[in-house]
Amino acid sequence: MLFYRPGKKQQSRQVRVPTPATCVNQDLLYNYHKNSRMKKIILSLLTILCFQSNFYSQITAKSEKEILKEIEWISTNPILKSDKEFVSKSADFMMYQFVNYPDFPINYKALFEFMTTEKNYKYYDEISIVFMSNQLANKIRTKNEYDLTNSSINAFIKVLEYYELILENEPDQKNLLLDKYLKMTETELKDKVKENLSK
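Just so you know, these numbers come straight off a predicted model, no measurement behind them.

The next point concerns the packing of helix α4 (residues 84–100) against helix α6 (residues 124–142). One can describe the packing of α4 onto α6 by two numbers: an axis separation of 11 Å at closest approach and a directional angle of 40°. Put simply, α4 runs oblique to α6. The element α4 and its partner α6 pack so that their crossing is left-handed. Between α4 and α6, the contacting residues are Phe86, Ser90, Phe93, Met94, Tyr96 and Gln97 on the first element and Glu126, Ile129, Met132, Ser133, Leu136 and Ile140 on the second. Across the contact of α4 with α6, the residue classes tally to eight nonpolar, three polar and one charged.

Right, here's the structure in full:
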């Protein structure tokens, strides 16, 4: 893959996607993401992208503004991660993070209870990606003033908004844990996130 060099002004360039047999640099992804479940999600997404390479033969490196717009799209369109547009936009923000914020760790502690108990939920992976992408969005917006607690709260709220959109389209996809979070007051939700972060 072709990446921007740090410190250089970004210009519109394209990143070549290798053939399916070699498209995922597993060492890079595994070293970058410590959460084993998320490693599988990311590898799965990029593998799908590569097998669809006859449609998406190239990933175009995006600007900050474009990435924020795509993260917002991901957060407001509850579709399965195998959807071509979801895969493409997810690959875009992951690529952006690898290039521009290679040392920025995604912290999933706020979502710990969901991620450890709800793995069979239909939209488990998609919700994890919504949380992950919105932590990156918060980092982009706040730069050096990034605060893990505030970012986790904001990302958690995005997850709940995403869940409500899921229910609008698929009422049968109710989740008792997410329903419990939805019933919390703003103060209770913030306290819950802080409690999870302290574990």
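By the secondary structure assignment, lysine 158 is in helix α7 (residues 148–169). Residue class for lysine 158 comes out partly exposed when judged on its relative accessible area of 21%. Measuring from C-alpha to C-alpha, the distance between lysine 158 and valine 130 comes to 7.3 Å, with 28 residues separating the pair along the chain. Leave out the neighbours within four places in its chain, and lysine 158 touches Glu72, Val130 and Asn134.

The α-helix winds at 3.6 residues per turn, so residues separated by three or four positions along the chain end up facing the same way. Counted at 1.5 Å a residue, the expected span for helix α9 (residues 186–197) with its 12 residues is 16 Å, and the 17 Å between its end C-alpha atoms agrees. By the burial criterion, the buried members of α9 are Leu189, Lys192, Val193, Asn196 and Leu197. Considered in projection along α9, the buried side chains sweep an arc of 135° and stay on one side of the axis. Check the buried side of α9 and you find it contacts α5 (112–117), α7 and α8 (176–182).

In this section: the packing of α6 against α7. As a packed pair, α6 and α7 sit with axes 8 Å apart at the nearest point and diverge in direction by 140°. In terms of orientation, α6 and α7 fall into the oblique class. Where α6 crosses over α7, the two elements pack in a sense that is right-handed. When α6 is examined against α7, the residues Glu126, Ile127, Val130, Phe131, Asn134, Gln135 and Asn138 are found in contact with a partner set consisting of Leu148, Ser151, Ser152, Asn154, Ala155, Phe156, Lys158, Val159, Tyr162 and Ile166. The residue makeup of the contact of α6 with α7, split by class, is nine nonpolar, six polar and two charged.

Calculation notes
- Residues numbered from 1 in each chain as written.
- Predicted model: local features only at pLDDT ≥ 70, side-chain atom pairs only at ≥ 80, totals over all residues.
- Heavy atoms only, no water.
- Axes fitted to C-alpha atoms, helices over the stretch in contact; angles between N-to-C directions.
- Helix = DSSP H or I, 4+ residues; strand = E, 2+ residues; numbered from the N terminus.
- Parallel < 35°, antiparallel > 145°, perpendicular 65-115°, else oblique.
- Left-handed = near helix turned anticlockwise from the far one by under 90°.
- Contact = heavy atoms within 4.5 Å.
- Nonpolar A, V, L, I, M, F, W, Y, C, P; charged D, E, K, R; others polar.
- Buried < 20%, exposed > 50% of the residue type's maximum accessible area, 1.4 Å probe, protein only.
- Expected span 1.5 Å × (residues − 1).
- Arc of directions from axis to C-beta.

Functional significance is not addressed by these values, which are geometric in nature.
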